[in-house]
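Spelled out, the chains give:
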Amino acid sequence: MDHGALVGLLVAAAAAGWVDAVVGGGGLLLLPALLIAAPGLALPVALGTNKFAAIAGTATAAVTYARRTKIDWWLAGPAGVLAVVTAGVGALLAGVVPAGAYRPVVLAVLVGVALFVTLRPRLGVVAEPGKRTRGRVVVAVAVAGGLIALYDGLIGPGTGTFLVLTFTAVVGADFVHGSAMAKLVNAGTNLGALLVFGSAGQVWWSLGAAMAVCNVVGAALGARMALRRGSGFVRLVLLVVVLALVAKLGFDQWVA
């Protein structure tokens, strides 16, 4: 890899850390950047290296949020533990399930998310504690730690975004607290997938370490900005990231 490609990749890693810390979706930047910078890299190795960089950023963001805001550990804790297991299962299936098999479904879900957030301008801006019933907590844990974590292990663009929407729509968290819980669960998904990819020798450790440093810097800045600017700012970034994901997946589906 030449120096120009490496510099571009490290800048992308920092930007991805920022996006991930605010609302998720950093994989939209980092995974394509990695594949462009190292065009001969096998997809499982790219996924494993991406997870190595991403876990450093999500863990940093999770610690930053935990220090500065209240986290619902009874919800985020079980979801995060479950996510380690299910993301590992997803990583085992990463080379078996083709991207085209789930891309149309994810694209349809993202379009629905964009419409849902747009048509409900109060969603996530103010917390709705009345939504936090025992049944809804169980659903949120199952969706976040099960379905979304499994998807993240498979390939995972937009995982953090899906997690934030789960916590806001299902249990009524505001966007800042939803993003804080999402970082904890996302750290679990990254850990589960990394354990599988690492044990299979599918991680470029030296490159991943350099990317991780930049990802941490971006994540720390992003988490602090989200906490300082509040839920309205996170909502705006969420919509931008969802629309970018729709554009990227739509291009992959019908143009590429």
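Residues numbered from 1 in each chain as written. Predicted model: local features only at pLDDT ≥ 70, side-chain atom pairs only at ≥ 80, totals over all residues. Heavy atoms only, no water.

Undergrad: Where do I start with the overall build of the protein in this structure?
TA: In terms of regular secondary structure, the protein is built from 10 helices and zero strands. Counting helices and strands in the order they occur from the N terminus, the protein gives α-α-α-α-α-α-α-α-α-α. For 256 residues, the compact-globule estimate of 2.2 N^0.38 gives 18 Å, and the protein sits close to it at 17 Å. Projected onto its principal axes, the C-alpha coordinates of the protein cover approximately 50 × 35 × 35 Å. The burial tally for the protein puts 54% of its 256 residues in the buried class. Per element, the accessible surface of the protein, about 10,800 Å² overall, is 73% carbon and sulfur. In the protein, 17 positive and 7 negative side-chain charges are present, and the distance between their average locations comes to 8 Å. (Helix = DSSP H or I, 4+ residues; strand = E, 2+ residues; numbered from the N terminus. Rg over C-alpha atoms; globule rule 2.2 N^0.38 Å. Buried < 20%, exposed > 50% of the residue type's maximum accessible area, 1.4 Å probe, protein only. Areas by Shrake-Rupley, 256 points an atom, 1.4 Å probe, with all protein chains shown as cover. Lys, Arg positive; Asp, Glu negative; His and termini not counted. Charge placed at Lys NZ, Arg CZ, Asp CG, Glu CD.)

Undergrad: What should I look at first to understand the environment of Pro-78 in this one?
TA: Structurally, Pro-78 is set in helix 4 (residues 73-92). With 36 residues separating them along the chain, Pro-78 and Ala-114 place their C-alpha atoms 28 Å apart.

Undergrad: Which parts of the structure should I look at to understand the packing of aromatic side chains?
TA: Aromatic ring pairs are described here by two measures, namely the spacing of the ring centres and the angle between the planes. Under the definition given, this model contains three aromatic pairs. Judged by centre distance (6.2 Å) and plane angle (80 degrees), the ring pair of Trp-18 and Phe-233 falls under edge-to-face. In this pair, Trp-18 sits in helix 1 (residues 3-22) while Phe-233 sits in helix 10 (residues 231-254), placing the two residues 215 residues apart along the sequence. Given a relative accessible area of 14%, Phe-233 falls into the buried group. Ring centres of Tyr-151 and Phe-162 lie 5.9 Å apart, and the angle between their planes is 65 degrees; this geometry places the pair in the edge-to-face category. Taken as a pair, Tyr-151 in helix 6 (residues 134-154) and Phe-162 in helix 7 (residues 159-171) lie far apart in primary sequence, 11 residues in all. Judged by relative accessible area, Phe-162 falls into the buried class, the value being 11%. (Phe/Tyr/Trp six-rings, centres within 6.5 Å; stacked < 30°, edge-to-face > 60°.)

Undergrad: Would you mind going over the packing of helix 6 against helix 7 with me for this structure?
TA: Any two packed helices are characterised by how steeply their axes cross, that is the angle between the axes, and by the distance between the axes. The interhelical angle for the contact between helix 6 and helix 7, taken along N-to-C directions, is 170 degrees, at an axis separation of 10 Å. The angle between helix 6 and helix 7 falls in the class roughly antiparallel. In contact with Arg-136, Val-137, Val-139, Ala-140, Val-143, Ala-144, Ile-148, Tyr-151 and Asp-152 of helix 6, helix 7 contributes Thr-159, Phe-162, Leu-163, Thr-166, Phe-167, Ala-169, Val-170 and Val-171. Across the contact of helix 6 with helix 7, the residue classes tally to 13 nonpolar, two polar and two charged. (Axes fitted to C-alpha atoms, helices over the stretch in contact; angles between N-to-C directions. Parallel < 35°, antiparallel > 145°, perpendicular 65-115°, else oblique. Contact = heavy atoms within 4.5 Å. Nonpolar A, V, L, I, M, F, W, Y, C, P; charged D, E, K, R; others polar.)

Undergrad: Would you mind going over the pattern of salt bridges with me for this structure?
TA: Counted by the stated rule, this structure contains three salt bridges. A salt bridge links Asp-152 to Lys-51; its shortest N-O distance comes to 2.7 Å. Of this pair, Asp-152 sits in helix 6 while Lys-51 sits in helix 3 (residues 43-68), placing them 101 residues apart in sequence. Like Asp-152, the residue Lys-51 is buried in the burial classification. (Salt bridge = Lys/Arg side-chain N within 4 Å of Asp/Glu carboxyl O.)

Undergrad: What's the story with the environment of Val-240 in this structure? I'm lost.
TA: With respect to the helices and strands, the residue Val-240 is situated in helix 10. Given the relative accessible area of 52%, Val-240 is considered exposed. Along the primary structure Val-240 and Ala-56 are separated by 184 residues, whereas in three dimensions their C-alpha atoms are 24 Å apart.

Undergrad: How should the side chain of Thr-64 be read in this particular structure?
TA: With respect to the element layout, Thr-64 can be found in helix 3. Here Thr-64 is in contact with Ala-223, Arg-224 and Leu-227, once residues within four sequence places are set aside.

Undergrad: Mind showing me how you'd approach the nonpolar core here?
TA: Among soluble globular proteins, nonpolar side chains are generally buried collectively. Leu-9, Val-23, Leu-75, Leu-110, Phe-167 and Met-211 are the most contacted members of the largest nonpolar core, which has 81 residues in total. Considering every element that reaches this core, the biggest residue donor is helix 8 (residues 175-199), with 11 residues. The contacts of Met-211, once residues within four sequence positions are left out, are Leu-9, Leu-10, Ala-13, Leu-30, Leu-34, Thr-49 and Ala-53. (Core = buried A, V, L, I, M, F, W, Y, C linked by side-chain atoms within 4.5 Å.)

Undergrad: Just checking my understanding: could you explain the side chain of Thr-168 for this structure?
TA: Along the chain, Thr-168 falls in helix 7. Once residues lying within four places of it in the same chain are set aside, the contact partners of Thr-168 are Leu-123, Gly-124, Lys-131, Ala-173, Asp-174 and Phe-175.

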